[in-house]
Amino acid sequence: MSSTVSPLAPKHVPDMPVIAGVRLATAEAGIRYKNRTDVLLAVMDKGTAVAGVFTKSKCPSAPVEWCRAKLKGGKARALVVNSGNANAFTGKTGRASTALTAKIAAKAVGCSEGEIFLASTGVIGEPLDATKFDGVLGRLAETAAPGDYLTAAKAIMTTDTFPKVATATVKLGKAKVTINGMAKGAGMIAPDMATMLSFIFTDAPIAPAALQALLKSGVEDTFNAVTIDGDTSTSDTLLAFATGAAAEHGAPKISRASDPRLKAFVKAFNQVLANLSEQVARDGEGARKLVEITVEGAKTKASARKIAMSIANSPLVKTAIAGEDANWGRVVMAVGKAGEPADRDKLSISFNGIRVAKRGARDPSYDEAQVSEAMKAPEIAILVSLGLGKGRDRVLTCDLTKEYVAINGDYRS
């Protein structure tokens, strides 16, 4: 966790309303860090539905494997998150740690171990001493209270420079329902059907299967459209919890994701995901520029996504942006290597609304001074027009600075 906040951090932090059926508490368990909170316990009321998406890494963490197995039950009573240690690549010891953590949490909350969900973030390859949770989780269960999502988000930070929270309120039937979310992530970010660590809470009465469908759909154009460095974590976990408490106030019980009464809710739900995913891009390790890359005129949306990601993950493109250089040649390179349909002589490129390349060559009206001035902005928009079809997509990333190298060169020091 950095003491210097990213210059791209949001200027406004929303007031996070209470969600009925959710209580939070944090503590210092001494997992890795000193003099800071490093464990979060979220306690949910009985009957809370749960959904989740996880990393597609072939080397997943022990908590990811635990959650995948328990997700089949569809119900959750508690979430335990620790920072400082990912409990990944830890073999039998890691699996034993998850089992012990779940046992301690289940006893503290008063539920079955199958209703406990776990997430860990931090260093890979170091054993996690789950005995440090003994006693701590019991105290947290007793003191957990509605509210303080910002403090909860701080407890799960690693190299993040600011806590990431978002909220939305919307009508569902006759009732007002709330959606709160938190996330952590600043490096090793290239989600693949999941996100770093993110947790969504709502009081809407939505069945597990419907919630799972909403989450799987919502993540595609939000968290899965963000990359910091092209590296997918072993620990990526996105969990959503629906307590159903709003049913007491007239919210209809939803069993299908296609239910037309969910239209406004889905929009708000996706807005929370989009808000959190943008905050992750804004907090990229060492970032000084938020970069939006839009590819249009591709054969398909999927093709546009691959090309946009090729640009977003290019160290040469990202370092040029850090140097405030509108080097469209590097964008051309990234388009060409993506392996997707492209025609050099139809390609046009713009930086912050200024076209620098047109139909396979430098734009006739190119003005170096104008473009150089535009590149000084903290937010950079790159538009690539392929001229081949109607496929369009957008991804977010950040620049690549010397600070990124410094952070990751000293990560275990």
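Remember, predicted model here, so these are calculated numbers, not experimental data.

Some details on the sheet that holds strand E9 (residues 237-242)
Taken together, the five strands give an open sheet; going across it, the order is E3-E9-E8-E7-E6, and neighbouring strands pair in mixed fashion. At either margin of the open sheet sits one strand with a lone partner, and together these are strand E3 (49-54) and strand E6 (164-172). Here the average twist between neighbouring strands, direction ignored, is 15°. Here E3 pairs with E9 via six bridges, running antiparallel. For Ala-51, the partnering residue across the bridge sits in E9 and is Ala-240.

Quick look at the sheet that holds strand E10 (residues 290-298)
Pairing is mixed across the open sheet formed by six strands, whose spatial order is E13-E12-E11-E14-E10-E15. Taken across any chain shown, the strands that pair with only one partner, and hence form the sheet edges, are strand E13 (361-362) and strand E15 (391-398). Judged from the seven bridges that link them, E10 and strand E14 (residues 379-385) form a sheet pairing that is parallel. Across the sheet, residue Val-295 finds its bridge partner in E14, namely Val-384.

A word on the pattern of salt bridges
Inspection of the entire model under this criterion finds 17 salt bridges. Put simply, Asp-283 and Lys-164 hold a salt bridge, and the shortest N to O gap is 2.7 Å. Of this pair, Asp-283 sits in the loop between helix H6 (263-282) and E10 while Lys-164 sits in strand E6, placing them 119 residues apart in sequence. Residue Asp-283 is classed as buried on the basis of its relative accessible area of 1%. Relative accessible area serves as the criterion here: at 0%, Lys-164 is assigned to the buried category. Between Glu-340 and Lys-306 there is a salt bridge, with the nearest N and O atoms lying 3.7 Å from each other. Residue Glu-340 is found in the loop between helix H9 (328-337) and strand E11 (348-351), and its partner Lys-306 is found in helix H7 (residues 301-312); the two are separated by 34 residues along the sequence. Accessibility expressed as a relative area gives 21% for Glu-340, which makes it partly exposed. Assessed through its relative accessible area of 49%, Lys-306 is described here as partly exposed. Because the salt bridges share partners, they merge into one network encompassing Asp-160, Lys-164, Lys-184 and Asp-283.

A closer look at a nonpolar patch on the surface
A surface patch of nonpolar side chains, amounting to about 320 Å² of accessible area, comprises Phe-89, Ile-124 and Met-188. With respect to the helices and strands, the residue Phe-89 is situated in the loop between strand E4 (78-85) and helix H2 (91-109).

Considering the UniProt feature "binding site: substrate" (unreviewed entry) in the chain
As annotated in UniProt, the feature "binding site: substrate" (unreviewed entry) corresponds to Thr-158, Lys-184, Thr-195, Glu-285, Asn-408 and Ser-413 in the numbering used here. Along the polypeptide, Lys-184 turns up in strand E7 (residues 175-184). Ignoring anything within four residues of it in the chain, the contact list for Lys-184 reads Thr-121, Ile-156, Thr-158, Asp-160, Lys-164, Met-196 and Leu-197. Polar side-chain contacts of Lys-184 include one of 2.9 Å to the side chain of Thr-121. In this fold, Asn-408 is placed in helix H11 (residues 402-409). Accessibility expressed as a relative area gives 34% for Asn-408, which makes it partly exposed. In this structure the side chain of Asn-408 is engaged in a polar contact, spanning 3.0 Å, whose partner is the backbone oxygen of Tyr-404.

Thoughts on the side chain of Lys-164
For Lys-164, the side chain forms a polar contact with the side chain of Asp-160, separated by 2.8 Å. Not counting residues within four places of it along the chain, the set of residues in contact with Lys-164 comprises Ala-153, Gly-181, Met-182, Ala-183, Lys-184, Gly-185, Leu-276, Gln-279, Val-280 and Asp-283.

Things to note about the domain arrangement of the chain
Accessible area lost when the parts come together is the quantity often used to give the size of an interface. Domain annotation for the chain reports domain 1 (22-283) and domain 2 (290-410). Distance between the C-alpha centres of domain 1 and domain 2: 33 Å. With 13 residues of domain 1 at the contact, the number on the domain 2 side is 16 residues. Counting the surface lost from both domain 1 and domain 2, the interface buries some 1200 Å², and carbon and sulfur atoms represent 52% of this.

Focus on the state of the cysteines
Tallied over the full model, the rule gives zero disulfides. Cysteine Cys-67 remains unbridged, with the sulfur of Cys-111 as its closest cysteine sulfur at 13 Å. Assessed through its relative accessible area of 0%, Cys-67 is described here as buried.

Looking at the packing of aromatic side chains
All chains considered together, the criterion is met by five aromatic pairs. Seen from their ring centres, Phe-117 and Phe-241 are 6.4 Å apart, and the 75° between their planes marks the pair as edge-to-face. With Phe-117 in strand E5 (residues 116-123) and Phe-241 in strand E9, this residue pair connects regions lying 124 residues apart in the sequence. In terms of burial, Phe-117 and Phe-241 fall into one category: buried. Connected via pairs of aromatic rings, a cluster forms that spans Phe-117, Tyr-149, Phe-201 and Phe-241. Directly above the ring of Trp-66 sits Lys-70, whose terminal nitrogen or CZ lies 4.4 Å from the centroid. Note that Lys-164 overlies the ring of Phe-162, its terminal NZ or CZ placed 4.4 Å from the centroid.

Each value, and the rule that gives it
- Residues numbered from 1 in each chain as written.
- Predicted model: local features only at pLDDT ≥ 70, side-chain atom pairs only at ≥ 80, totals over all residues.
- Heavy atoms only, no water.
- Pairing = 2+ DSSP bridges.
- Helix = DSSP H or I, 4+ residues; strand = E, 2+ residues; numbered from the N terminus.
- Axes fitted to C-alpha atoms, helices over the stretch in contact; angles between N-to-C directions.
- Salt bridge = Lys/Arg side-chain N within 4 Å of Asp/Glu carboxyl O.
- Buried < 20%, exposed > 50% of the residue type's maximum accessible area, 1.4 Å probe, protein only.
- Patch = residues over 30% accessible without salt bridge, like charges linked within 9 Å, V, L, I, M, F, W, Y side chains within 5 Å.
- Areas by Shrake-Rupley, 256 points an atom, 1.4 Å probe, with all protein chains shown as cover.
- UniProt positions renumbered as here; feature names shortened; annotations may be inferred.
- Contact = heavy atoms within 4.5 Å.
- Polar contact = N/O pair within 3.5 Å; in protein donor to acceptor, adjacent residues only side chain to side chain.
- Domains from an automatic or database assignment.
- Buried area = accessible area lost by both parts, 1.4 Å probe.
- Disulfide = S-S within 2.5 Å.
- Phe/Tyr/Trp six-rings, centres within 6.5 Å; stacked < 30°, edge-to-face > 60°.
- Lys NZ or Arg CZ within 6 Å of the ring centre and 35° of its normal.

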